[in-house]
Amino acid sequence: MTICQYTSKSESDSQYFAERFAEIVEPGVVIYLNGDLGAGKTFFSRHFIQALGFEGRVKSPTYTIVEPYEVGSVRIFHFDLYRLADPEELEYIGIRDYFSDDTICLVEWSEKGVPLLPSADIVIDFDIIIDGRQVTAKAVTNKGAHELTKLNSLLQGSCS
């Protein structure tokens, strides 16, 4: 299993990680973002989407469930399932239509969407530690392993 562990001691470290991640991810990837409230999932998503080239405001989808973004031919969908009462609610928004080869999907609180969500290619865990955040990205599929191999190379030793 390919893993990248990154320690962030500041918001600028976290932003740097999100921006580097955006440099290597290709369309067709599903990324689950796990962590407690305030651990950095939405912060990561905001800087990831902006690093892909989106110039507008990146909003939290806490109340809308999903926020769509478009950068060139790539569509990015940022999901926040925190307020989901039942996974069946995802059927009402046409959940299957969001996941395709030309999209990048970021999913916060993915456990609330099981079993209707597609499997992740990469799972990123955000843990609050005494002096910042510990970010652990794990590949779940071969596609995810390919992406994390590129990230490890790009970060040149920042991943352990």
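Above this note sits the structure.
Overview of the structure. Think of each chain on its own: its residues are numbered from 1, step by step along the sequence as written. For a predicted model such as this one, the threshold for reporting local features is a pLDDT of at least 70, and the threshold for listing and counting side-chain atom pairs is 80 or more; totals across whole chains, interfaces and linings nevertheless cover every residue. Calculation of side-chain values draws on the structure's entire complement of heavy atoms; hydrogens and water are dropped beforehand.

With that out of the way, let us pick up helix α1 (residues 11-24). By the criteria applied, helices consist of DSSP H or I runs no shorter than four residues and strands consist of E runs no shorter than two, each listed in order from the N terminus. The length a helix should cover is 1.5 Å for every residue beyond the first. Here α1 is 14 residues long and its end C-alpha atoms lie 21 Å apart, about the 20 Å a rise of 1.5 Å per residue gives. Burial here depends on accessible area, computed with a 1.4 Å probe over protein chains only, as a share of the maximum for the residue type. Under 20% is buried, over 50% is exposed, and the range in between is partly exposed. Within α1, the full set of buried residues consists of Ser14, Phe17, Ala18, Arg20, Phe21, Ala22 and Ile24.

Further remarks concern the sheet that holds strand β7 (residues 132-139). Within a sheet, neighbouring strands are paired by backbone hydrogen bonds and run either parallel or antiparallel to one another. Read from one edge to the other, the open sheet built from seven strands follows the order β1-β7-β6-β2-β5-β4-β3, with strand pairing classed as mixed. Single-partner strands in this sheet number two, and they are β1 (3-8) and β3 (66-71). Within this sheet the neighbouring strands show an average axis-to-axis angle of 15 degrees, counted without direction. When DSSP finds two or more bridges between two strands, those strands count as paired. Bridging between β1 and β7 involves six bridges; their strand directions are antiparallel. If you follow Ile3 over to β7, its bridge partner there is Lys138. This element, α1, spans β1, β2 (29-35), β6 (122-129) and β7 of the sheet and lies at about 150 degrees to β1. Orientation is described by lines fitted to C-alpha atoms, with helices fitted over the stretch in contact, and by angles between N-to-C directions that extend from 0 to 180 degrees. Pairs of residues are marked as contacts when any of their non-hydrogen atoms sit within 4.5 Å.

With that settled, the discussion passes to the packing of α1 against helix α4 (residues 142-155). Any two packed helices are characterised by how steeply their axes cross, that is the angle between the axes, and by the distance between the axes. Direction vectors running N to C along α1 and α4 enclose 125 degrees, while the axes themselves pass 9 Å from each other. Taken together, the axis directions place α1 and α4 in an arrangement best described as oblique. Relative to α4, α1 is oriented so that their crossing is right-handed. Residues Tyr16, Phe17, Arg20, Phe21, Glu23 and Ile24 of α1 pack against Glu147, Leu148, Lys150, Leu151, Leu154 and Leu155 of α4. Throughout, the term roughly parallel applies to angles under 35 degrees, roughly antiparallel to angles over 145, roughly perpendicular to angles from 65 to 115, and oblique to all others. Throughout, a crossing is termed right-handed when the near helix is turned clockwise from the far one, and left-handed when it is turned anticlockwise from it by less than a right angle.

Let us look at unusual backbone geometry. Both trends apply: most residues other than glycine have a negative phi, and most peptide bonds are in trans. Geometrically, the link from Val114 to Pro115 is a cis peptide bond, its omega value of 15 degrees lying close to zero. Structurally, Pro115 is set in the loop between β5 (103-108) and β6. Phi at Ile65 is positive, roughly 75 degrees, even though this residue is not glycine. Assignment of secondary structure puts Ile65 in the loop between α2 (41-51) and β3. Taking relative accessible area as the criterion, Ile65 reaches 16% and is therefore assigned buried. If you check the backbone angles, Trp109 has positive phi at about 60 degrees while not being a glycine. Position of Trp109 relative to the elements: it lies in the loop between β5 and β6. Given a relative accessible area of 14%, Trp109 falls into the buried group.

None of this, on its own, says anything about what the molecule does.
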